[in-house]
Structures are given as C-alpha cells and as structure tokens.
Amino acid sequence: MPLASRLLLALALGVVSTTGVGALAPPLSSHVRHESRNALPHGWAPVRRAEPERMLPLRVGLAQSNLDALEDLLLDVSHPDSANYGQHWSPAQVAETFRPARESVDVVRTWLGESGVDAGRVRLSAGGGWVLANVTVAEAEGLLGTEYFVYEHAETGRVQVGCERAYHLPEHVARHVELVTPTLHFDARVRREVPVEKRATKIKVGNHGSGPVSPKTTGNIKNIWTQLEHCDEQITPICLRALYGFIYVPLAAHKNSIGIVEYTPQAYAPADMDVFFSNFSKSQVGQRPNLISIDGGTIDIPYSGFDVNGESNLDLQYAMSLVGKSQPVTLYQTGDDVEGMCASFNTLLDALDGSYCNFEGGDDPFQDPTYPDPYGGYQGPVQCGGITPAHVISTSYSYDEFDLTPAYMQRQCAEYAKLGLMGVTVLYSSGDYGVGGNGGICLDSSGEPSYGGSVFAPAFPSSCPYVTSVGATQVNPGANVTDPESACEQVIYSGGGFSNVFAMPEYQKAAVEGYLTKYPPGYPAGTYNTSGSRAYPDVSANGANYAVAIEGEFSLVYGTSASSPVTAAILSGVNDARLAVGKKPIGFINPTIYSKIGQGLFNDIVSGNNPGCGTDGFAAKPGWDPVTGVGTPNFPLLVTAFLLLP
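(A) Spotlight on helix α7 (residues 237–244). The buried fraction of α7 amounts to six of the eight residues, a majority that puts the element mostly inside the structure. Just beyond α7, the residue with positive phi is Gly245, at close to 65 degrees.

(B) Quick look at the pairing of strand β25 (residues 546–550). Summarising burial for β25: five of the five residues are buried, a large majority. The alternating pattern of β25 places Tyr546, Val548 and Ile550 and Ala547 and Ala549 on opposite faces, both of which are buried. Of the strand pairs in this sheet, β25 and strand β26 (residues 553–558) are connected by five bridges, and their pairing is antiparallel. Bridging across to β26, Val548 finds its partner in Ser555. Taking the residues that link successive antiparallel strands as the turn, the β25-β26 hairpin has two residues, and the phi of Glu551 there is positive, at about 55 degrees.

(C) Here's a closer look at the state of the cysteines. Within this structure, the stated rule accounts for three disulfides. Covalently, Cys231 is tied to Cys239 through a disulfide, its sulfur atoms 2.0 Å apart. One disulfide, between Cys231 and Cys239, carries an S-S torsion of -85 degrees and so falls in the left-handed class. Judged by its relative accessible area of 2%, Cys231 falls in the buried class. The disulfide that involves Cys442 links it to Cys613, with 2.0 Å between the sulfurs. Taking the torsion about the S-S bond as the criterion, the Cys442 to Cys613 disulfide, at about -95 degrees, is left-handed. With Cys442 in strand β17 (residues 442–443) and Cys613 in the loop between β27 (602–603) and β28 (632–633), this pair connects stretches of sequence that are 171 residues apart. With relative accessibility at 10%, the residue Cys613 sits in the buried group.

(D) Local environment of the nonpolar core. Ranked by size, the top nonpolar core spans 128 residues in total, and within it Leu240, Tyr318, Tyr332, Tyr416, Tyr546 and Val566 carry the most contacts. Aside from chain neighbours lying at most four places away, what touches Val566 is Leu240, Tyr244, Tyr318, Leu322, Ala541 and Tyr546. By size, the runner-up hydrophobic cluster in this structure holds 34 residues, among which are Leu112, Val135, Ala174 and Val177.

(E) View of the environment of Ala92. Looking at the secondary structure, you find Ala92 in helix α3 (residues 91–98). On the basis of relative accessible area, Ala92 is assigned to the exposed category, the value being 57%. Along the primary structure Ala92 and Ser355 are separated by 263 residues, whereas in three dimensions their C-alpha atoms are 9.6 Å apart.

(F) Inspection of the sheet that holds strand β7 (residues 159–163) at higher detail. Read from one edge to the other, the open sheet built from three strands follows the order β2-β6-β7, with strand pairing classed as antiparallel. Only two strands of the sheet have a single partner each, and these edge strands are β2 (44–49) and β7. Adjacent strand axes in the sheet meet at a mean angle of 40 degrees when their direction is disregarded. Here β2 runs beside strand β6 (residues 148–153); their pairing, made up of five bridges, is antiparallel. Of the residues in β6, the one forming a bridge with Pro46 is Tyr151.

Procedures and definitions
- Residues numbered from 1 in each chain as written.
- Predicted model: local features only at pLDDT ≥ 70, side-chain atom pairs only at ≥ 80, totals over all residues.
- Heavy atoms only, no water.
- Buried < 20%, exposed > 50% of the residue type's maximum accessible area, 1.4 Å probe, protein only.
- Helix = DSSP H or I, 4+ residues; strand = E, 2+ residues; numbered from the N terminus.
- Pairing = 2+ DSSP bridges.
- Disulfide = S-S within 2.5 Å.
- Core = buried A, V, L, I, M, F, W, Y, C linked by side-chain atoms within 4.5 Å.
- Contact = heavy atoms within 4.5 Å.
- Axes fitted to C-alpha atoms, helices over the stretch in contact; angles between N-to-C directions.

Structure, rendered in structure tokens:
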C-alpha cells in the first residue's frame, strides 16, 4: 500500500476511534526519509520482489546519547593542550556515557505497538542499543514506507533482502533512531581485491572478495640485500630503521601491546616467518604472534600463495621484526574459514567492545557474519567483548565509501572514537588507487560507481576522523636511503582525498585549509568534495619494494598494506618509552600530529602525486597534503615530543 494511502487509512481509523470511544487517537506525525542511497553497491541487482510473508529480523538502532559531544570528549584526552591529556576512559565509562536514553526506547516500542507489532515480538537488546522485532516483509514495508526486494551479487551469487533506495520513519520517531536494518546496507563485509601482478593483465583467481587495500607483487626476487645500498630496489627492516630513525630496544614490553588485524582466509604461514627471520632477524626464528581467534579465526587454511598469505605475511614479518623479539605482537585473526570469509570490521569491534554486538550495539546481520555459522564453520556464539584492545591496532583492509550508507559508517566511526577515548591508536591503510576506489573505480556525475567516472571515490574507514589513515611513500629509483622519499608511484598510488560523508574535524582544519589555499588543485566543481570534509591520509610510510617471504621464496610487495603495520611498530616504540616512565599510551594521535607540537615530527614529503579517475590526483607539497598526510615518522623526534607530554 502506498505511503499516502496508509496515512489516510490511519487518519480514518483515528477518527473512528475518537468518535467511538471518546478517546484521543495516538498522535500522527508525517513520515520523513531516514536513509537513502543513490545507487546500489557495485555488482548488486534486484531479481524479484521479496515475498510479503517472509520474516525479517528488524533491528532499530537507537540514537546514542552525547554523540554531539564525542569529538570534544575525545579532544579532551587527546589534544596536547588539554589539561586532561592522557586521562583515558574506562570501558564502563564509555558505555554509560553513550547509552541511548530511555525515552528513545519507549518511543520506538510505542511506534511498533501502535503499528500492529505485538509486544511479544519486540525486545530490547542487552546493552540497550537496539530494539529488535521479528516482522514480515509486508509489515516492514508498512512501517518504513518502502518496498523490499531480493538482491543478488553478479560475481559471488550471494543473495540478500533489502529495500529500494530509501526508507522512512515517522518524524517523531526518526530523531530517536540512527538506522534500521535490514534495509539499505549491502554486503558490508570486509572484502579484498584479488592482488594483481604488474606483469599480468588478467586478475588472478583464488581470493575471496575485494577491498581498496591489498598488497601487490611484481613476482619473486633472486637476490636479497641485507644492507642499505639497495633500499631503492628492496625495502627490508634495516632500510626502514634507517629511513625513520627507528633504533629502539623496548623497556616496558610487559606493559605494552601492539595488534595486527587479519581477516580469514588471509592467514600467515609459520614457515615463511622463519624464512624471513633467518635473513633479517635471526633471534626471532621460531617466534610467532600471539593469536587471538575471533569468531573462529584460524590460520589453518587449506591453500596457500600470495593471494592467501601475502597480506598477513607482510604485516607480521615487518611488524614483528621492527619491534623486536622482546615485544609480543598480537594477531587478531577474525572470522572462520566459511562465514568468516565475509567478516566485517564490526566482527573485530564486537570482540573489543561487548556493547557493540548486534544484541548490544553495531552489527547488522545482513552486513556482518552470523554465528553460530549457519554454513558449518565456527559454531560458537558471536564474541562480544572479553578482549582487551592493544595500545596500537593496525588494519590493512578497507571499503569504498559508496559501498556503505552514511548511517552505517557514522555508527562505526563513533566506535573508533570510543576506542580513542580508551587510549587506543587505530591505524588504517589509506588505499592503493590514489583518488580512485577499489580497482580504480570512480564515481560519475550522479554519484554512481563507474570505471569511466571522473569524480573521486574516497575510502572508509580512512575517511573517519577518529582513525589515523596511513598513506604510502617510496625511495626513488637510484636514490640513497638518506635521500628524501616521494609519494609512492611504483605499482600503487597512495590513497587520499576528501570524504563525502564526514565533516572536517577541528584538529586538521588549519593544515587542510592551508594546503587548499596555497596549492589549489584546480579541478572542475564536483570532482571532489570541497564543502569542508574530512581529509586523509594523516601520515605515511614506505609502501614500495618490500621483500616478503611467501611460500619459501621472496617477492617484491607494494601497498599501503605495508605502510600501516610499519607505522604501528614505530608508534608502539613511542608507547613503550612512555610506559617505561609511568605515563599512559599515546592513544588517538591525530590532534597531536596536527598541532604546533606535532610540526616537524614527521619527514615532510614534497614530491609525487596520487593519480586516479583520469586525473593526476593531488600533489604532495610542503606541510600536510592529501597524498602523504603530514609525512613519514621521525622516531627520535616523535619519542622525545611524546615523552614531554603529560
């Protein structure tokens, strides 16, 4: 029934009720569009209308309290000028501060009841973040003023139910709700692109999904260099130590922690760790990361090769060798080898924060994997809390913003801010396609994804203002390791640009506006968001020519996938120094690195571009730029500056 007809019917019923029993009918409010999307995510198409009697697990995500103060609260413990710098919050304090108001629960329950959903089908999540109701498709269409279809993905064959373009809520209800699922949120599981060899034109077969951040390889290498003379040809741990001055012996490893996130089927190969350590860190032969299995996460994958082991081997070989033998590295292996092949960032966030689970917080069962696994994998429950977050967490996976809805991204972005409040540094790779999205896809003038588009396509979570986004640099061909680096222009291009969803945070306004004023990109209106939005990356590190052991041999590997764990290792050293003298970890670093204190703590990158979408992208210039951020880490300066902070 069309929305207008339903409203007229409701009005008529209200009049009958008033005249029949002498009581006022429940007040009506006009429906307003709550969420919408311009286009379906790439690869999805409707195949038929959803059956009216089909049952849906409707989940209404309640508006969290105090989100309007979130940035100020985070700056209060993260900005170097704040008297409360470093006074991080406890998980209980975070949960209590942002818990939805009782009024929101009551308004949503009343709306469902007055719309014909009996109370026996409605319940409140344990954490108070969601109202859950089992409804039919027909009921959901009436509640939300929309139509449901069955959608199918052209490449994977995956099927799911969702609504078309938009859904609506009564105006008096809408202000109490962040999002409703299942509606517009398609396949937001972490998916990775199939890595591409530079010498090949065909995409390799054998990987399970895609995403903007994935390492690339130009194949095997015969000679391994262990000194500094060939850092323009091969990056090894000694090259990175020389580039960033990272010579450090941990003093407080028992207090410190660093975490690397991997998503099944990506998994490291233990034998390759020893091949790498035998060449570059002999004391670590036999050492392994401390594996924390999240929802059945496993490294026991029945196949191997670059497509499976490339990412994890890269991340762990370099993170572990840089922090050294005495500093344990935690591996958050996320998702089983069946359902987990579509694990999402929310799977990780569930384990780190119990208040974020689908019965308590952020998950969407039509986006995020379901446990016990209905397809025969991990049979335990969803892991909700119980894992203490590491002080620094690096993730080399990503989405394009256009894959997700703003409400989904905003809810997840708020969770990264909460981790920052608890003193966690969250790093994400910025992407490997310059100003373009996964695989070089861009947007057309209407905002729809298009390989021929000329509108830039930003990445998420890098576009979230509460993570630290890491771009990529390179040692230029023929240059010495002591020469200035440039933006990476070998095989990959550093992801960077301006969000289409998130506003520019206060901490970076001066730096970003300075770049745009001094070095205006000069593109036609509509090429990228010029309204004053979140800009990324924040920092960068080398992302070209890494020597990585894979299946017993060494390959040259490229990507911001390398830049993020390297940055995490260096920041972990800063944390160790602070912990050794009784101070707190550095937590959310962005306010500091953009402040006056942060100026000069990074090696400024002033050459190179990040092409994409038929353009040269942006240019690396003095100061912050949307190619390399504020630059690459200078460990001696960083550790000194952070030791001087409270």
